[in-house]
Structure formats: C-alpha cells, structure tokens
Amino acid sequence: LGHFCTCQPTSFTHNPILSSFPPPNMTCKTATIRIGNTYEPLSSSIYQDSQAFKWKIYAQPLDSSISLSNVTYELHPSFSDSIVELKQAPFILERVGWGTFEVTVHLDVSLPNSGESVKHTLKWMLQAESQDSSQDFQLELPQQKDMMEDEDVHFDLDLVVLDPSEATSNYNCRNDPYLDENVLDENGEDDKTEFADSDEQLDHSAQQIAYLLKHSKHPVVYTGAGISTSANLGDFRGPNGAWTLRDQGRSHEFKSKDFEQAYPTYAHYALSELVKREIVKYVVSTNMDGLHRRSGVLRNQISELHGNCYRELCSSCNKEYLRGFDTTKSVKNWRNHITGRKCSCGGKLKDTIIHFTENLPEQELNDAWDHSEKSDFALVLGTSMRVQPSCRLPSLCKKQNGKMVIVNLQKTPYDHVAYKKVYAKTDEFMRRVMQYMGIDQVDETYDMLRQ
C-alpha cells in the first residue's frame, strides 16, 4: 500500500520534452502542500463481505504565503461522480469505497502578491495503514523577475492587432508575451518531429478536456490543417506538408485531395455537435476547406480567417453565397478575386480566400478577437500555431484566467504556456472527449452543401 506521487507544473509544461521550467523571465520559489487521507473501516452488515472504508481525502498548504483557490479530485472511474471540484477551503472530500485506489489531485495554487495562480497535478495512493496518512510535497512556484522597469520586457496584451486593417496573413506578431520562437530540433531548424501520447495518457487528457468543456463558461475552439488531414487534405508543416516539402525541394511530391472531393471528418462533426448544444461558444479556423460550415457550423458561429473555398461575397452588398463547388476555380486573377458570377443586386462576386500579404477579413477577425477575449477555455486542434496573428488568439483566454489546451502531433511555440499539451490526431482524441462528455451519437451524414 505504499504511496506513489508525481508532481508536474501543468500550467507551463506537460511534457519535459517541450521546455524547461520555469519559463523565460521567471524565477522559482518552493512551497509545501500536504496531501493525505484518513480512513474508517465500515463494520455495517451491508459491507461485512467487503473491505469497505469511509475515506476523507484532503489537500492543505503548509506555507502561510500561499493558498489554494481550487482543488479537483479525480477518483476511480467506478464512482458515478469521479471528478469532484472544490472551490473553497477546507478541501476535504468524503467518499465510501472498497479497497485502495489512486487519486489524481489538481491544485490551483494562488501566488503571493500577484493575484495569479499556477496549476500543479499530484497523484496520491489512498492509505489504509494508519488512521491518518499524508505526505508533504515541495512545489516549485514561478515568480516574475523584477524586470518591469525595463520597457523591453513589459508586456501589454492590448498591443497586438488592435486594428484589424493592420493584420495581414503574414503578419509578424509584436510584443507577444507568450510566443516561444525557439521550437527547434537538434540542427537548429524548425522541429517537425511528430509525437504520440499513450492510450492511457489520451484517456486521462480526454477526461480533463471533457470536464473543462462542461464547466467553462465560454469555450472557444481553434482549428488548423491538422483537423482535415483524415479527410486526405494535406497540411503545411507536417513531415509531408506543403511547406516542408517545398523547403526540401520536393514540392512535386505533395499529395492532397481536391477540396471538392473531401468530406468533413469526425472532429468537424463533433465540434458541430458541441456548437449546436451551446457547449462550444465559437470556432476560429485558418482552414480554407470549408469543412466546418459543411458539417453544420453556421456563419455566426465561426470565423474563417483565411476564407472558405465554397463561399463568395458580393463586392457591392456583401451578400453571401455558399456554393456546392470551389468558387476559386473560375477566378482568372487571384489578386482581384473576381469569380465571374453576379449577385442578385448586379454586383460582382468575389472569392473569400486570403493570400499572403492580404488583410484578414475585418469582421471575421473582430468576432474572433471578441470571443477570444471572453474565452475561459481555449481548445486548439491540429495547428502548429506559427501563422500570425491567428496563433495569438487562443492565449487571450488568459485575460479571463482561462486555460489553453493544445492538441497537435508536433511541438508549437505556445506549448510552454498551455495548461495541457496533447500529442494526438484530432479525430482519435475528439472521439475520446465525446465519450467522456456522454455524447455517443454524432451525425456524420449532414452536409450543408447538399441542403
């Protein structure tokens, strides 16, 4: 019955492969947290044939300089309420169970004199050897270095992309406090290595994300090319992505279906279902394949920052036409975007694709920015987060003290500030999330283009 425990600073890094702790411009102090349990054998005749106990599990800071603002206990999955969140002291959870089992304890530790908090995750094996068993854990807590007098390291979230007219598809983000530009391999080049979490890790992560989706007030999902690779559409920075092969002089080897031959993936349909149920409040995508709209996400529920190949707009009245074909195929000059078709008002129709050096659509970016600032949970699916300013948006959830989770096969420049990083394919991961959400049926037959 020996106890087993681990401690990892999940608000800054989930996997030691990603980055060291603490992050740049941070120092560490240590604080002590006590995790333990009491137990009482149950002698009632109801339990006489089983080893049943009444457990009290607790988490307690031993340093007066810190406090706990939130404690979440993950119990054995056989419990009907296996995830329990406590929002005020004392953080004691009482349960009746048979035998011993491992409890995962998620801590929100409030940092002294800053108003900020940091996440830590501990694992505790329940003890039945003595009436009260516990262990003291030394946690490393980040503190900002005293550098605020230096203008070069003073960060203001509102400095970035206040005017959408300044945001272009090759925008170089300024003063981004979270961007880590040093995601490099051993040769000093962009690291395109793909990783994969174990089934056990994926199940644990999916359960956490399902919990966050259920309990967050304004979840926003951000998607990139990785969500469409299972539809046989090529990505950009994967091992066989368009930009990867281009940089290797192998562009002729790039393989991808025509947009018109692709079909929404399970992840597209899962997100559409979550949007319909008003669990996910908004979707932001840099994909041009139109698969989110085809899966049932409505125009007012998504910002397609780089356009939609099925969508064209009137240059006079701005009326939208969602076509059953790729509107860009009739464009003779990509610079003017004119498709050759006319609006009912007589105006010329244009495709909505955003090319490099072109401004992002103002209304789409404004909506994405507004929802990102409201967000208390940002779920990032299938993007390397290297295209500005789109990759800047998920971290805006930190204005609401929100959590950002990144699901991608490769490292990203924002992994070190993610609440959790998951290495997985989006379809596989979203199937697990939907299972833990209790949503067994997802309609994968709907196609808006056929309606």
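Just above, that's the structure.
Residues numbered from 1 in each chain as written. Predicted model: local features only at pLDDT ≥ 70, side-chain atom pairs only at ≥ 80, totals over all residues. Heavy atoms only, no water.

Chemist: Just checking my understanding: could you explain the environment of F259 for this structure?
Modeler: Along the chain, F259 falls in the loop between α2 (242-247) and α3 (266-276). Along the sequence, F259 and C309 sit 50 residues apart, while their C-alpha atoms lie 7.9 Å from each other. Aside from chain neighbours lying at most four places away, what touches F259 is L233, M288, D289, R294, C309, Y310 and D326. (Helix = DSSP H or I, 4+ residues; strand = E, 2+ residues; numbered from the N terminus. Contact = heavy atoms within 4.5 Å.)

Chemist: Explain the packing of aromatic side chains here, please?
Modeler: The relative placement of two aromatic rings is captured by the distance of their centres and the angle of their planes. A full pass over the atoms with the stated rule returns six aromatic pairs. Between Y39 and W55, the aromatic rings sit 6.1 Å apart at their centres with planes inclined by 40°, giving tilted as the arrangement. Highlighted residues: Y39 in strand β2 (residues 26-41) and W55 in strand β3 (residues 52-61), separated in sequence by 16 residues. With respect to burial, Y39 and W55 carry one shared label: buried. Measuring from centroid to centroid gives 5.5 Å for F79 and F101, while their planes differ by 55°, and the two rings are tilted. Placement of the pair is F79 in the loop between β4 (67-74) and β5 (83-86) and F101 in the loop between β6 (91-98) and β7 (102-110), with a sequence separation of 22 residues. Its end group placed over the ring of Y446, K276 keeps NZ or CZ at 5.6 Å from the ring centre. Note that R431 overlies the ring of Y266, its terminal NZ or CZ placed 4.0 Å from the centroid. (Phe/Tyr/Trp six-rings, centres within 6.5 Å; stacked < 30°, edge-to-face > 60°. Buried < 20%, exposed > 50% of the residue type's maximum accessible area, 1.4 Å probe, protein only. Lys NZ or Arg CZ within 6 Å of the ring centre and 35° of its normal.)

Chemist: It is not clear to me how unusual backbone geometry should be interpreted in this structure. Could you clarify?
Modeler: Peptide bonds are trans in most cases, and residues, glycine excluded, mostly fall at negative phi. A cis geometry characterises the amide bond from A89 onward to P90, with omega recorded as -5°. Within the fold, P90 resides in the loop between β5 and β6. In this model, Q388 is joined to P389 through a cis peptide bond whose omega is 0°. On the secondary structure map, P389 appears in the loop between β17 (377-381) and β18 (403-407). Even without a glycine there, the phi angle at H337 is positive, about 65°. Judged by its relative accessible area of 11%, H337 is buried.

Chemist: Just to check I follow, could you spell out the sheet that holds strand β10 (residues 219-223) for this structure?
Modeler: Within a sheet, each strand pairs with its neighbour through backbone hydrogen bonds, oriented either parallel or antiparallel. With parallel pairing, the six strands of this open sheet are ordered in space as β12-β11-β10-β17-β18-β19. In this open sheet, the two edge strands, each paired with only one partner strand, are β12 (302-304) and β19 (420-422). Between one strand axis and the next, the sheet turns by 15° as a mean value, whatever way the strands run. By the bridge criterion, five bridges tie β17 to β18 in an arrangement that is parallel. Opposite L379, over in β18, you have V405 as the bridge partner. In the packing of helix α1 (residues 199-215) onto the sheet, the strands contacted are β10, β17, β18 and β19, and the crossing angle to β19 comes to about 130°. (Pairing = 2+ DSSP bridges. Axes fitted to C-alpha atoms, helices over the stretch in contact; angles between N-to-C directions.)

Chemist: Can you help me understand empty space enclosed by the protein in this one?
Modeler: One way to see where empty space is left: roll a probe the size of a water molecule over the atoms. This structure, assessed with the given rule, holds one cavity of 30 Å³ or more. There is about 40 Å³ of room inside the largest cavity. Y269, S272, E273, K276, S295, V442, D443 and Y446 are the residues that line the largest cavity. The residue inventory of the lining of the largest cavity, partitioned by class, reads three nonpolar, two polar and three charged. (1 Å grid on protein atoms, 1.4 Å probe; cavity = no way out; pocket = protein on both sides within 12 Å on 5 of 7 lines; lining within 4 Å. Points joined across faces, edges and corners; volume = space filled by probe spheres on them. Nonpolar A, V, L, I, M, F, W, Y, C, P; charged D, E, K, R; others polar.)

Chemist: In this structure, what is going on with the pairing of strand β13 (residues 311-314)? I would like to understand it.
Modeler: On any regular strand, side chains alternate: one points to one face of the sheet, the next to the other face. Residues R311 and L313 line one face of β13 and the alternating positions E312 and C314 line the opposite face, and both faces are buried. As judged from the three bridges shared by β13 and strand β14 (residues 320-322), these two strands associate in the antiparallel manner. Pairing of L313 across the sheet is with E320, part of β14. Linking β13 to β14, which pair antiparallel, is a turn of five residues; within it N318 sits at a positive phi near 70°.

Chemist: What's the story with the nonpolar core in this structure? I'm lost.
Modeler: With 35 residues, the main nonpolar core has L213, L274, V405, F429, M430 and V433 as its most contacted residues. At the level of elements, α1, α3, β17, β18 and α6 (426-437) are the ones that each hand at least two residues to this core. When residues of this core are assigned to their parent elements, the largest contribution, seven residues, is made by α3. Sequence-distant contacts of L213, that is, excluding residues within four places in its chain, are made with P219, L274, I279, V280, F377, V433 and M437. Core analysis: the next-biggest nonpolar cluster, separate from the first, contains 32 residues, I33, V105, L107 and L141 among them. (Core = buried A, V, L, I, M, F, W, Y, C linked by side-chain atoms within 4.5 Å.)

Chemist: For this particular structure, what's the right way to read the packing of α1 against α6?
Modeler: When two helices pack together, you describe them by how their axes are tilted relative to each other and by the distance separating the axes. Between α1 and α6, the shortest axis-to-axis distance is 8 Å and the interhelical angle comes to 55°. With respect to their mutual orientation, α1 and α6 come out oblique. As for the relative orientation of α1 and α6, their crossing is right-handed in sense. For the pair α1 and α6, contact is made by D199, L202, D203, S205, A206, Q207, I209, A210, L213 and K214 and by E428, F429, R432, V433, Y436 and M437, respectively. The residue makeup of the contact of α1 with α6, split by class, is nine nonpolar, two polar and five charged. (Parallel < 35°, antiparallel > 145°, perpendicular 65-115°, else oblique. Left-handed = near helix turned anticlockwise from the far one by under 90°.)

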